[in-house]
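Spelled out, the chains give:
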Amino acid sequence: MKERGIVCLVGAGPGDPGLITEKGMLRLKSCDAVVYDSLASDLLLKAVPDHCEKIYVGKRAGFHSMKQEEINQLLVELAEKGRKVVRLKGGDPFVFGRGGEEILALKKADIPYEVISGVTSAVAALASAGIPVTHRAISRSFHVMTGHTLSEEGTLPPDFNAFASLSGTLIFLMGLGNLPLIVTGLMDQGKPGTTPAAVIENGTLPGQKVVRGNLFNIQQKVKEFGIKSPAIIVVGETAALDFSSTGKQPLEGCRIGITGTPSFTGKLHKELSGLGGTVEYLLSLSLKSYQSDERMQKAYEDLKNYTWIVFTSANAVREFFLGLMERGEDHRALGHVKFATVGKGTADELLKYGFRSDYTPKHYQVLDLAEGLKGRVTKHDRLLIPRSSRGSKELNQILNEVKADYDDVVLYDVRKEGQEEQENGKRAAITKEFDYITFASASGVDAFFEEDSVAALKSLEGLMVVCIGDITAQALEASGRKADLIAKEYSIQGVAKAICQDWSDKTNGRKGV
C-alpha cells in the first residue's frame, strides 16, 4: 500500500511576496503539488519544483471557483497518492481563510497535516499604511471582523452591535462594498462621527492607496480617490496616525517585469528586489541543450586542438561543462586552453568551475569581446565558440577580418516555456502593471514577439523597455520598438544601475536618461 502524503497549510501573507515566512517558503520548494487561491503575487509559485503540479482553486473573473467541499476532497485525494501538498492561502490560513474546514476534512480522512502561519493583512496592511493596530494611551486592543458577509440579507449580523461597542482599533476585512452599512452601524452604536477612519487598498503592494478621514466623510473620500477592492477598513484613534516608513530604497515603488532564463532572472530578481523594487516574472525561457549533437560532440573530441574557448554567456559556461562531465571527462582536458568571456557575470560563472578568464573586455558586449580577441589571437590559434543558436554575428565578422581559425558551434537554444500562461493578449494586460520591462537577450526579445508581434508591441506602450546590451537592443528594434534604456555594462548589475538612475531621475522630477 502506498504511503500517504502530507498536506501543509501555508499562509502566503498579505500580498508582498517577501512577507511569506521562511518556513512556508521551504515547504513550497519541496512540494509535489500546490493548491492555491488568487494570490497578489504569482512569484511564490516560481519557488515550487519543476515537477510540482499547480492547481488553481480560487475566484477569478470569468471563471467559476471550486467549492470548498471540492477543495477539501482534492487535498485528501492528492495526499492519498503519496504527495507532499501545499495548500497556499492568502494571509493566514485561520484568519477568514477556511483553513479549519480543510483540516477537519483531513482529520476525517486520517491525512497528516501541518499548519504554517502567515502574516495577516489585518496587521501588515495597516503597518504598511503607517497605522499601528495598537498604540500606548490611544488603543490597547484591536479587533478583526470580516466585512463581506454583512449584507447577505441587507442587515448587519447579530454580533455587530457588540463588536461596534468595543474600544480599540476595529478592522474590517473584505468589506468595502458594505462600507455604508458599516459606517451607519458603528454610528448607530454610539461611535462619534468624528472617530478617525481609514481605508487601505492593495496593502503592502506597489499599488497601495490609503485614504484617511472619519466616519462622517470616509465614504466620500473613498469615492473621490477611487478606492477599489481589495481594501481594508480601519476605525479608531490609531487610524489618524501616520507612521509610514521614511527609509526609502532606490527602487521603492518601482514595478519591474523581467524576462529570461531561470538562472538569469533569479539573480536579477534578487538584485532588483534588494534595491526595493517590486519584481515579477513576465516571460520565462528555458534552455534546449545541444550537448549531444554531432558538431558539439566533435568539438569535445577535438579539445586538444583548441587554444581558446570563447564564452558569450553564463548559460554557455554551464552547458559546456555539463556536457564535458557527461562525456566522462574533467578539467584535465582543458589545461592547455585560454578562456575569453564577454563580461563579469560570465567570468564569475567560469570561476565556479575552477578557471579564471584570460580575457574579459572592459565593456561587457560581444563587439568589445571580438575587438579584444582580434589583437590577441594569432595564426597558430584555434578558437571554439560554443553558444546560443542566435549568437551575434558581429563576433564572426571581426574574427573573419583577421582570418582567425574558429569553430562556432550551437551548444544550446533559448525558447519560451510552454506550460505558463504567456499568451500575448494576457501579457498585454499584465505589462500595464509595470514601470519597466527588461530583456536579457535577443532570444528573449524574439520569444516575446513570437506569437503576435502587433499585440506585443501594443503591450509595451507607455513602458520603459530596458535591454542588457546593444545586441538585445538591436533585436528589439528589429521587432519595431526602440529600447528606452541600454545597460552600460552587459551584466545584471548594469541593468540594475540603468533602472536605478532612471527611476531616481523620475522620482526627483528630472528628465530620465
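Scroll up for the structure.
Residues numbered from 1 in each chain as written. Predicted model: local features only at pLDDT ≥ 70, side-chain atom pairs only at ≥ 80, totals over all residues. Heavy atoms only, no water.

> What's the story with the overall build of the chain in this structure? I'm lost.
From N to C terminus, the chain includes 18 helices and 19 strands. Taking the principal axes of its C-alpha atoms as reference, the chain extends roughly 95 × 70 × 45 Å. By the burial criterion, 50% of the 513 residues in the chain qualify as buried. Counting contacts in the chain only where the partners sit at least 6 residues apart, residues at least 24 apart contribute 67% of the total. (Helix = DSSP H or I, 4+ residues; strand = E, 2+ residues; numbered from the N terminus. Buried < 20%, exposed > 50% of the residue type's maximum accessible area, 1.4 Å probe, protein only. Contact = heavy atoms within 4.5 Å.)

> Sorry if this is basic, but what is going on with the pattern of salt bridges here?
Any two side chains of opposite charge can pair, on the condition that their charged atoms come close. Throughout the structure, instances matching the rule amount to 25 salt bridges. Glu-349 is the partner of Lys-352 in a salt bridge, and the nearest nitrogen-oxygen pair spans 3.2 Å. Of this pair, Lys-352 and Glu-349 both sit in helix 11 (residues 344–352), three residues apart, roughly one helical turn. Bridged by salt links that share partners, the residues Asp-37, Arg-87, Lys-89 and Glu-102 form one connected network. (Salt bridge = Lys/Arg side-chain N within 4 Å of Asp/Glu carboxyl O.)

> Would you mind going over the pairing of strand 18 (residues 464–467) with me for this structure?
It is a general feature of regular strands that their side chains alternate between the two faces of the sheet. Residues Met-464 and Val-466 of strand 18 are buried on one face, and the alternating residues Val-465 and Cys-467, pointing to the opposite face, are buried as well. Inspection of the sheet shows strand 17 (residues 436–439) paired to strand 18 by four bridges, in the parallel sense. The partner of Phe-439 across the bridge, within strand 18, is Cys-467. As judged from the two bridges shared by strand 18 and strand 19 (residues 485–486), these two strands associate in the parallel manner. Bridging across to strand 19, Val-466 finds its partner in Leu-485. Following the chain from strand 18 across helix 17 (residues 470–478) to the adjacent parallel strand 19, one finds a crossover that is right-handed. (Pairing = 2+ DSSP bridges. Right-handed = clockwise from strand over helix to strand, strands pointing away.)

> Help me out: how do you make sense of the nonpolar core in this one?
Nonpolar side chains tend toward joint burial in soluble globular proteins. The biggest cluster of nonpolar side chains holds 42 residues, and the ones touching the most others in it are Leu-303, Ile-309, Phe-311, Phe-320, Phe-321 and Leu-334. In this view, Phe-311 contacts Ala-316, Val-317, Phe-320, Phe-321, Phe-339, Ala-340, Thr-341, Val-342, Thr-346, Leu-350, Leu-369 and Pro-386; residues no more than four positions away in its chain are not counted. (Core = buried A, V, L, I, M, F, W, Y, C linked by side-chain atoms within 4.5 Å.)

> Hey, could you run me through the sheet that holds strand 11 (residues 255–260) in this one?
Through backbone hydrogen bonds, the strands of a sheet pair up, either in parallel or in antiparallel fashion. One open sheet accounts for nine strands, arranged 14-13-15-16-12-11-17-18-19; its pairing is mixed. Each edge of the sheet is formed by a strand with only one pairing partner; in this case those strands are strand 14 (338–341) and strand 19. Running at roughly 160° to strand 11, helix 8 (residues 262–274) makes contact with strand 11, strand 12 (278–289) and strand 17 of the sheet. (Axes fitted to C-alpha atoms, helices over the stretch in contact; angles between N-to-C directions.)

> For this particular structure, what's the right way to read a nonpolar patch on the surface?
A cluster of nonpolar residues, Phe-94, Tyr-113 and Val-115, forms a patch on the protein surface that exposes about 260 Å² of accessible area. Here Phe-94 shows up in the loop between strand 4 (84–89) and helix 3 (99–108). (Patch = residues over 30% accessible without salt bridge, like charges linked within 9 Å, V, L, I, M, F, W, Y side chains within 5 Å. Areas by Shrake-Rupley, 256 points an atom, 1.4 Å probe, with all protein chains shown as cover.)

> Got a minute to help me understand the pairing of strand 17 in this structure?
Taking every second residue as pointing to the same face, both faces of strand 17 are buried, with Tyr-436 and Thr-438 on one and Ile-437 and Phe-439 on the other. In this structure, strand 11 lies alongside strand 17, joined through three bridges in parallel fashion. Of the residues in strand 17, the one forming a bridge with Ile-256 is Tyr-436.

> Is there a simple way to think about the environment of Gly-18 in this case?
Assignment of secondary structure puts Gly-18 in the loop between strand 1 (6–11) and helix 1 (22–28). With 25 residues separating them in the primary sequence, Gly-18 and Leu-43 have C-alpha atoms 9.6 Å apart.

> Would you explain unusual backbone geometry in this entry?
Among all residues except glycine, the phi angle is most often negative; among peptide bonds, the trans geometry is most common. Omega for the peptide link from Ser-229 to Pro-230 comes to 0°, which places this bond in the cis form. The residue Pro-230 is located in the loop between helix 7 (218–224) and strand 10 (231–235) in this model. A positive phi angle, near 55°, is found at Met-174, a position not held by glycine. Here Met-174 lies in the loop between strand 7 (169–173) and helix 6 (179–188).

> How should the state of the cysteines be read in this particular structure?
Cysteine pairs can be covalently joined through their sulfur atoms, and such a bond is termed a disulfide. In this structure the tally under the stated criterion is zero disulfides. For the unlinked cysteine Cys-8, the closest cysteine sulfur is that of Cys-31, found at 9.2 Å. (Disulfide = S-S within 2.5 Å.)

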